[in-house]
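As a plain string of letters, each chain reads:
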Amino acid sequence: MQDFLHQLSHLISWKITLVGIALFSFRLVILTALEKLNPAHVVEYCKVLPRDFLVALVFFFFVLPSADFLDRRIVYQPSLPEWISEWPLALRILLYLVLADFGHYWVHRWLHTPMLWPSHRWHHSPTYMYWLAGTRGSVIQQTLVNIPYIVAAAFVEVAPWWLAWAILLKNVAQNDFMHINLWWGHRWLEWIIVTPRYHHIHHSVDPAHFRGNLAALFPVWDHLFGTFIDPDRVSRNLAFGTGESIAPIRLAIGI
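Because the structure is a prediction, the values reported are computed rather than measured.

Please explain the side chain of Arg 92 as it appears in this structure.
One can find Arg 92 in helix H4 (residues 89–111). Of the side chains with opposite charge, Glu 157 lies nearest to the buried Arg 92, which makes no salt bridge, at 8.9 Å. A distance of 2.9 Å separates the side chain of Arg 92 from the backbone oxygen of Phe 155, its partner in a polar contact. In this structure Arg 92 touches Ile 84, Ser 85, Trp 87, Phe 155, Val 156 and Val 158, once residues within four positions along its chain are discounted.

Whenever I open this one, the confidence of the model for the protein chain confuses me. Can you help?
Detailed conclusions should not be drawn from predicted coordinates in areas where pLDDT is low. Summary statistics for the protein chain give a mean pLDDT of 92 and a share of 93% for residues scoring 70 or more. Across the protein chain, element-level confidence peaks in H4 with a mean pLDDT of 98 and bottoms out in helix H1 (residues 4–11) with 57.

Help me understand helix H5 (residues 139–152), please; the structure alone is not making it clear to me.
The periodicity of an α-helix, 3.6 residues per turn, causes residues three or four positions apart to be oriented the same way. A rise of 1.5 Å per residue sets the reference length of H5, with its 14 residues, at 20 Å; its end C-alpha atoms lie 21 Å apart and thus fit the reference within 8%. Remark: the principal bend of H5, roughly 30 degrees, maps to Asn 146, with a proline, Pro 148, within the next four residues. When you tally the buried positions in H5, you get 10 out of 14 residues, the bulk of the element. The complete set of buried residues in H5 reads Val 139, Gln 141, Gln 142, Thr 143, Val 145, Asn 146, Pro 148, Tyr 149, Ile 150 and Ala 152.

Which parts of the structure should I look at to understand a nonpolar patch on the surface?
Residues Phe 26, Leu 28, Val 29, Ile 30, Leu 34 and Leu 37 make up a contiguous nonpolar surface patch of roughly 570 Å² in combined accessible area. Within the secondary structure, Val 29 is located in helix H2 (residues 17–37).

Can you walk me through unusual backbone geometry in this structure?
The phi torsion of most residues other than glycine is negative, and most of the peptide bonds are trans. Even without being glycine, Asn 213 reaches a positive phi, approximately 50 degrees. Looking at the secondary structure, you find Asn 213 in the loop between helix H7 (196–202) and helix H8 (220–225).

Where do I start with the packing of aromatic side chains in this structure?
Any aromatic ring pair is given by two values, namely how distant the centres are and how the planes are angled relative to each other. For the structure on display, the rule yields 17 aromatic pairs. Summarising the aromatic geometry, the rings of Phe 102 and Phe 225 are spaced 6.1 Å apart at their centres and angled 50 degrees between planes, so their arrangement reads as tilted. Here Phe 102, found in helix H4, pairs with Phe 225, found in helix H8; they are 123 residues apart in sequence, far enough to count as distant. A relative accessible area of 33% places Phe 102 in the partly exposed class.

Cut-offs and rules
- Residues numbered from 1 in each chain as written.
- Predicted model: local features only at pLDDT ≥ 70, side-chain atom pairs only at ≥ 80, totals over all residues.
- Heavy atoms only, no water.
- Helix = DSSP H or I, 4+ residues; strand = E, 2+ residues; numbered from the N terminus.
- Buried < 20%, exposed > 50% of the residue type's maximum accessible area, 1.4 Å probe, protein only.
- Lys, Arg positive; Asp, Glu negative; His and termini not counted.
- Salt bridge = Lys/Arg side-chain N within 4 Å of Asp/Glu carboxyl O.
- Polar contact = N/O pair within 3.5 Å; in protein donor to acceptor, adjacent residues only side chain to side chain.
- Contact = heavy atoms within 4.5 Å.
- pLDDT = per-residue confidence, 0-100.
- Expected span 1.5 Å × (residues − 1).
- Bend = angle between axes of the 7 residues up to and from the residue.
- Patch = residues over 30% accessible without salt bridge, like charges linked within 9 Å, V, L, I, M, F, W, Y side chains within 5 Å.
- Areas by Shrake-Rupley, 256 points an atom, 1.4 Å probe, with all protein chains shown as cover.
- Phe/Tyr/Trp six-rings, centres within 6.5 Å; stacked < 30°, edge-to-face > 60°.

In structure tokens, the structure reads:
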């Protein structure tokens, strides 16, 4: 199998433009319809969707390729013993997800420190929350977030061709799900996976929430490292945004 990361990065190209359009159309219709059934917050879709569509284009065609370019020059993917490739694929995928998500948690935590906050504030800039609001990430942020995934990808270096597609679709679905405009979740489930209400709290303007619920996929990291905020104890009437006025180019780069 060709280099896994090389294959994954090539999915972000003109070859999948039609697939991307179809996927976006599906998300637009289905997810927006789901949100309107029982929205957690008021969102002016006619106002924010055109703007966020442009933001998504910037992220897709500028931020992702730029971060990939930088990561290829600064990140080393370890070479694991050949016998690891003989482990069951399901086990190697699980190890990839757990290790990558563990690294993502710590990168996210560092992004909320004063030194790295400029690279992360674009993600927190929307004053509303819905499925497309999370498609924001600066070049610097994305470069840093990619690192644990690149390292952990050594476990799936030998894998079927479809795995790169599956991971790409999983990333899109995960991001949409975290930010969808639904106050949905349950205490027991939030030991297993990050739910919308769990992540909405993290985007709150309340200083008490700023460094809470940092996990991207597995909430166990928040429980283990003291950043868990119980959604059952938080009102759904949250306000969002950073209150900062920054030039768009600075937001996109992360400076």
